[in-house]
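Descriptive structure summary
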Amino acid sequence: MTALTPATTAPAHDQPWDRATFEAALRARGQSYHIHHPFNVRMNSGGCSPEEIRIWVANRFYYQMCIPRKDAAVMSNMPDRSQRREWIVRMLDHDGQGDYQDGQAGGIEAWTRLGEAVGIDRERLWSLRDVVPGVRFACDAYVHFAMHAPWQEGVCSSLTEMFAPQIHKDRLATWPQHYPWIEAQGLQYFRSRIPLASRDVEHGLRVTLEHFTTVQQQQRALDILQFKLDILWAMMDAIERACAEQGAPT
Ligand code: AHQ
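From a predicted model like this one, the values you see are computed outputs, not experimental measurements.

Each value, and the rule that gives it
Residues numbered from 1 in each chain as written. Predicted model: local features only at pLDDT ≥ 70, side-chain atom pairs only at ≥ 80, totals over all residues. Heavy atoms only, no water. Helix = DSSP H or I, 4+ residues; strand = E, 2+ residues; numbered from the N terminus. Expected span 1.5 Å × (residues − 1). Buried < 20%, exposed > 50% of the residue type's maximum accessible area, 1.4 Å probe, protein only. Arc of directions from axis to C-beta. Contact = heavy atoms within 4.5 Å. Salt bridge = Lys/Arg side-chain N within 4 Å of Asp/Glu carboxyl O. Core = buried A, V, L, I, M, F, W, Y, C linked by side-chain atoms within 4.5 Å.

Brief notes about helix α7 (residues 133-148)
The end-to-end C-alpha distance of α7, which contains 16 residues, comes to 22 Å, matching closely the 22 Å that a straight helix rising 1.5 Å per residue would cover. Three or more residues of α7 are buried, namely Val135, Ala138, Cys139, Tyr142, Val143, Phe145 and Ala146. Angular distribution of buried residues about the axis of α7 spans 155°; they occupy a single face of the element. Counted as exposed and oriented over 90 degrees from the buried face of α7: Pro133, Phe137 and His148. Residues of α7 that are buried make contact with α3 (50-76), α8 (151-157) and α11 (215-245).

Written out as structure tokens, the structure is:
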């Protein structure tokens, strides 16, 4: 079993939760989702300079590049073909299967368009030379977890996407007014993720609620979700520090 920080408290329950209660406990962890991180609050209220937006886009690109590798790692642990058939769409969502003309370029290409829209050319973005150690470490921890944890735990760790539609909607609602210099087409990635996140969560919750049934397993699922929430939070910490160090107004 991949070691995670033990639960900060003993399991809060001595009888297994029913599915509705278990799902509610998972969703309650949304209070530590990075939508609440001070940098994200400042970014979505227009408080970032163009250079800070570029630092965020360049660092989050590493996370985007890690997602399909993480998904491939989870899939490599899936013995069941029907699960692999349902899971593989996630990799194709990011890696794509074609080009922009046929709408099949994928999320990594869409993020590259976001990079160009904020003033980072493809070569610079893909060089990853602007990725700070804290972001690289957090993303690599996610891929490493997916490689070594049982596939159901890998699926559970993706459930931070329960909270993702709102963060994408926030950007779409606020960036055009706060950052009119960013070409609107660059925000297409956020638009594309809203339905995909909901589809991913439906599968992820189905697996999680079905697999984690004992008190200890349900606490493990909460610990896994917290581990992934901490990954996203740590990325924002590292990005915020990079902005301070690179002299951008904080
Ligand atoms: O764009 C995001 C994405 O494709 C994914 C996949 C999923 C996973 O497998 O862990 N998580 C995730 C997330 C994406 N965007 C993040 C954001 O803030 O834009 C949020 C992140 C997540 O909520 O886990």
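Let's talk about the pattern of salt bridges
All chains considered together, the criterion is met by 16 salt bridges. Of the charged contacts in the structure, one is a salt bridge between Glu23 and Arg27, with a shortest N-O distance of 2.9 Å. Taken together, the residues span about one helical turn, with Glu23 and Arg27 both in helix α1 (residues 19-28) at a distance of four residues. Judged by its relative accessible area of 24%, Glu23 falls in the partly exposed class. One salt bridge in this structure joins Arg129 and Glu123, with 3.3 Å as the shortest N-O distance.

Regarding unusual backbone geometry
Among all residues save glycine, negative phi is the norm, and among peptide bonds the norm is trans. Positive phi outside glycine occurs at Leu128, with the angle close to 60°. Within the secondary structure layout, Leu128 lies in the loop between α6 (122-127) and α7. Overall, Leu128 belongs to the buried group, its relative accessible area being 18%.

Some thoughts on the nonpolar core
Counting residues in each nonpolar core, the largest one holds 67 residues, and the members touching the most others are Leu26, Ile53, Trp56, Val57, Trp111 and Trp175. Of all elements in the fold, only α1, α2 (38-44), α3, α5 (107-118), α7, α9 (164-178), α10 (188-211) and α11 reach the threshold of two or more residues within this core. Counting residues per element, this core draws most heavily on α11, which supplies 13 residues. Setting aside chain neighbours within four positions, we find Trp56 in contact with Phe39, Met43, Trp111, Arg171, Trp175, Phe190, Met236 and Ile239. Within the second largest apolar cluster, 10 residues are counted, among which are Met75, Trp87, Trp151 and Val155.

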